Amino acid sequence: MVSLLRGNIVDLPTNLSLNYFWCGGFMISSFLIIQVVSGIILSLLYVANSFLSFGCVLDMTMEGLFIWFVRYFHIWGVTFIFLLFLVHMGRALYYSSYSKLGVWNVGFILYLLMMVEAFLGYILPWHQMSYWAATVLTSVLNSIPYFGPSIYKFVVGGFSVTNVTLVRVFSAHICLAFIILGFSVIHLFYLHKGGSNNPLFISGGYSDVVFFHSYFTAKDGYVLVSLLLFCCFFLLYFPDFVLDVESYIEADPLVTPVSIKPEWYFLAFYAMLRSVESKVGGLVLVILFLLVLWLPTINSSSCYSVTRQFLFWCIVSLFLLLSYLGACHPEFPFVFISKFSSLIIVFFVLLYKGLWAVSFYSSTINRGVLGV
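Residues numbered from 1 in each chain as written. Predicted model: local features only at pLDDT ≥ 70, side-chain atom pairs only at ≥ 80, totals over all residues. Heavy atoms only, no water.

So the rule is basically this: UniProt positions are given in the numbering used here, feature names are shortened, and annotations may be inferred rather than shown by experiment.
As annotated in an unreviewed UniProt entry, the protein is Cytochrome b from Hysteromorpha triloba. Among the UniProt annotations of the protein, the heading Sequence similarities (unreviewed entry) holds the following wording: "Belongs to the cytochrome b family."

### Observations regarding the overall build of the protein
Note the threshold: In this description a helix means any DSSP run of H or I spanning at least four residues, a strand means any run of E spanning at least two, and both kinds are numbered starting from the N terminus. With the radius of gyration taken over C-alpha atoms, the globule rule is written as 2.2 Å times the number of residues to the power 0.38. Burial classes: relative accessible area under 20% of the type maximum marks a residue as buried, over 50% as exposed, and values in between as partly exposed (1.4 Å probe, protein chains only). Should any heavy atoms of two residues lie within 4.5 Å, those residues are considered in contact.
Scanning the protein for helices and strands turns up 14 helices and four strands. Taken against the 2.2 N^0.38 rule, which gives 21 Å for 372 residues, the C-alpha radius of gyration of the protein at 22 Å falls within 12% of a compact globule. When burial is assessed residue by residue, the protein has 45% of its 372 residues classed as buried. In the protein, the share of contacts with a sequence separation of at least 24, taken over all contacts with a separation of at least 6, comes to 80%.

### Section: the domain arrangement of the protein
Reports of interface size often rely on the accessible area that becomes lost once the parts have come together. Quick reminder of the rule: The domain limits used here are those given by an automatic or database domain assignment. Each of two parts loses accessible area, computed with a 1.4 Å probe, when they are put together; buried area is these two losses added.
Taken domain by domain, the protein consists of domain 1 (1–199 + 209–260) and domain 2 (262–371). The distance between the C-alpha centroids of domain 1 and domain 2 comes to 22 Å. The partner domain 2 presents 29 residues to the 34 residues of domain 1 that form the contact. Taking both sides of the interface into account, the surface hidden between domain 1 and domain 2 amounts to around 3,000 Å²; carbon and sulfur atoms contribute 69%.

### Examining the side chain of Ser-342
With respect to the helices and strands, Ser-342 occurs in helix H13 (residues 334–354). Overall, Ser-342 belongs to the buried group, its relative accessible area being 0%. Sequence-distant contacts of Ser-342, that is, excluding residues within four places in its chain, are made with Met-272, Ser-275, Leu-285 and Leu-322.

### Notes on helix H7 (residues 148–156)
The test is simple: Working definition: the arc comes from the directions between the helix axis and the C-beta atoms, pointing outward to the latter.
What H7 keeps buried is the set Gly-148, Tyr-152 and Val-156. Here the buried residues of H7 occupy an arc of 45° about the axis, which is enough to place them on one side. Among the exposed residues of H7, those oriented more than 90 degrees off its buried face are Ser-150 and Phe-154. Among the residues trailing H7, Gly-157 stands out with phi positive, at a value near 80°.

### A closer look at the nonpolar core
Where we set the bar: The definition of a nonpolar core used throughout is a set of buried Ala, Val, Leu, Ile, Met, Phe, Trp, Tyr and Cys residues joined through side-chain atoms within 4.5 Å.
Of all hydrophobic cores here, the largest spans 98 residues; its most connected members are Phe-31, Phe-82, Phe-269, Phe-289 and Ile-345. Here this core takes 17 residues from helix H4 (residues 65–94), the largest share from any one element. Formed jointly, this core draws a minimum of three residues from each of two domains, domain 1 (1–199 + 209–260) and domain 2 (262–371). Not counting the four nearest positions on each side in its chain, Phe-31 is found in contact with Gly-77, Phe-80, Ile-81, Leu-84, Leu-224, Leu-227, Leu-228 and Cys-231.

### Things to note about the pattern of salt bridges
Heads up, the rule is: The rule for a salt bridge is simple: a side-chain nitrogen of Lys or Arg has to be within 4 Å of a carboxyl oxygen of Asp or Glu.
Considering all chains together, one arrives at one salt bridge under this definition. Between Glu-277 and Lys-339 there is a salt bridge, with the nearest N and O atoms lying 3.3 Å from each other. Taken together, the positions of Glu-277 in the loop between helix H10 (267–275) and helix H11 (279–294) and Lys-339 in helix H13 put the pair 62 residues apart, joining distant regions of the chain. Classification of Lys-339 by relative accessible area gives partly exposed; the value is 29%.

### Examining unusual backbone geometry
Excluding glycine, residues mostly have negative phi values, and the peptide bonds linking residues are mostly trans. With an omega of 5°, the peptide bond running from Phe-332 to Pro-333 counts as cis. Inspection of the secondary structure assignment puts Pro-333 in the loop between helix H12 (306–326) and H13. Positive phi, normally seen in glycine, also occurs at Ser-96, with a value near 60°. Examined against the element boundaries, Ser-96 turns out to sit in the loop between H4 and helix H5 (101–123). Classification of Ser-96 as buried rests on a relative accessible area of 6%. Even without being glycine, Trp-126 reaches a positive phi, approximately 60°.

### Overview of the packing of helix H6 (residues 128–142) against H7
Rules: Helix axes are fitted only over the stretch in contact, all axes being lines through C-alpha atoms; the angle between N-to-C directions runs from 0 to 180 degrees. Here the nonpolar group is Ala, Val, Leu, Ile, Met, Phe, Trp, Tyr, Cys and Pro; Asp, Glu, Lys and Arg are the charged ones; every other residue, Gly included, is treated as polar.
As a packed pair, H6 and H7 sit with axes 7 Å apart at the nearest point and diverge in direction by 145°. Seen from H6, the contacting residues are Thr-138, Ser-139, Leu-141 and Asn-142; seen from H7, they are Gly-148, Pro-149, Ile-151, Tyr-152, Val-155 and Val-156. Residues that form the contact of H6 with H7 fall into these classes: six nonpolar, four polar and no charged.

### Topic: the environment of Val-335
Inspection of the secondary structure puts Val-335 in helix H13. With relative accessibility at 22%, the residue Val-335 sits in the partly exposed group. Separated by 60 residues in sequence, Val-335 and Ser-275 have C-alpha atoms that sit 5.2 Å apart. The contacts of Val-335, once residues within four sequence positions are left out, are Arg-274, Ser-275 and Pro-330.

### Examining the state of the cysteines
What counts here: The disulfide definition used here is simple: a pair of cysteine sulfur atoms within 2.5 Å.
Following the criterion strictly, the structure yields zero disulfides and no others. Lacking any disulfide linkage, Cys-175 is separated from the closest cysteine sulfur, that of Cys-56, by 19 Å.

### Quick notes on the environment of Leu-65
As for its position among the elements, Leu-65 is in helix H4. Judged by relative accessible area, which is 68%, Leu-65 ranks as exposed. Placed 105 residues apart in sequence, Leu-65 and Phe-170 show a C-alpha to C-alpha distance of 24 Å.

Listed below in structure tokens is the structure:
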């Protein structure tokens, strides 16, 4: 066990050129562990009941300073995890890390699982926005032809979102957290097996190496402490900044909020979903975007290509624009711009992944020639 830890943490050969963008994986893992620990504490106090959950969550903030801190750290931890996820995946796209098939595939599955986990956790407080967000997004399942109604009833446990749904969501939220931890270990295994990418595009990533400790442990530790200080600052001075006003209103199936919107990290997908008049069409558009984003290819060009940089920053700008449009009221011209931006971002990601692609066979031959 000691030799395993030393081989993967202390004596791991790591490319000297890695910058602070390569700290993302360690930051996500650290915040994920914090989320699991804080989630276990909160689960001991939470009551999965549609009549008691809202009051139970509010009582946590008045129970004492420790429980208040744990709950709000759990809330802000999700925000920081998704910020780190976006930076981590943006770096992977920019430096073509998706060419490393095992690492990219498991990492993308982790991103999807984290989105499901965050959505399940958003439902648990049972306030107005969480209830109606669950109602709107689960209704998309009901619109799937043939199998939709059966899948919908299986997920919500009936004909609508009720107390049965809340119990199922609570169980799934707890179980999925440990599945995510397991996939994180698999992701780390593939990373250490094939080596990390690097900003200099050195083949294999194992030339000009140093040991991971203490050069990179110091760098990761510095970034982690800085992020924790930032998190505590926002937590103490702006605790409700990431919460909607509807978060302090108990769920009422008879009163629909004026504007239903999910958390900020779902806004881009929400803009795509509602940009198409048909629910099935919106779902297909979101799935198409995720498939194109996942598509692993092997590139023959580095990030220093001007065309690749132009496409990359266009994709980033469109994603930010969609996130803004997802928070806007669903009316003209916001819906029209969302539809146009959604189609363009899918096309740009497809170009980004495909224009410089080479066959896996050719890449294998080149690596063999280079002795990698």
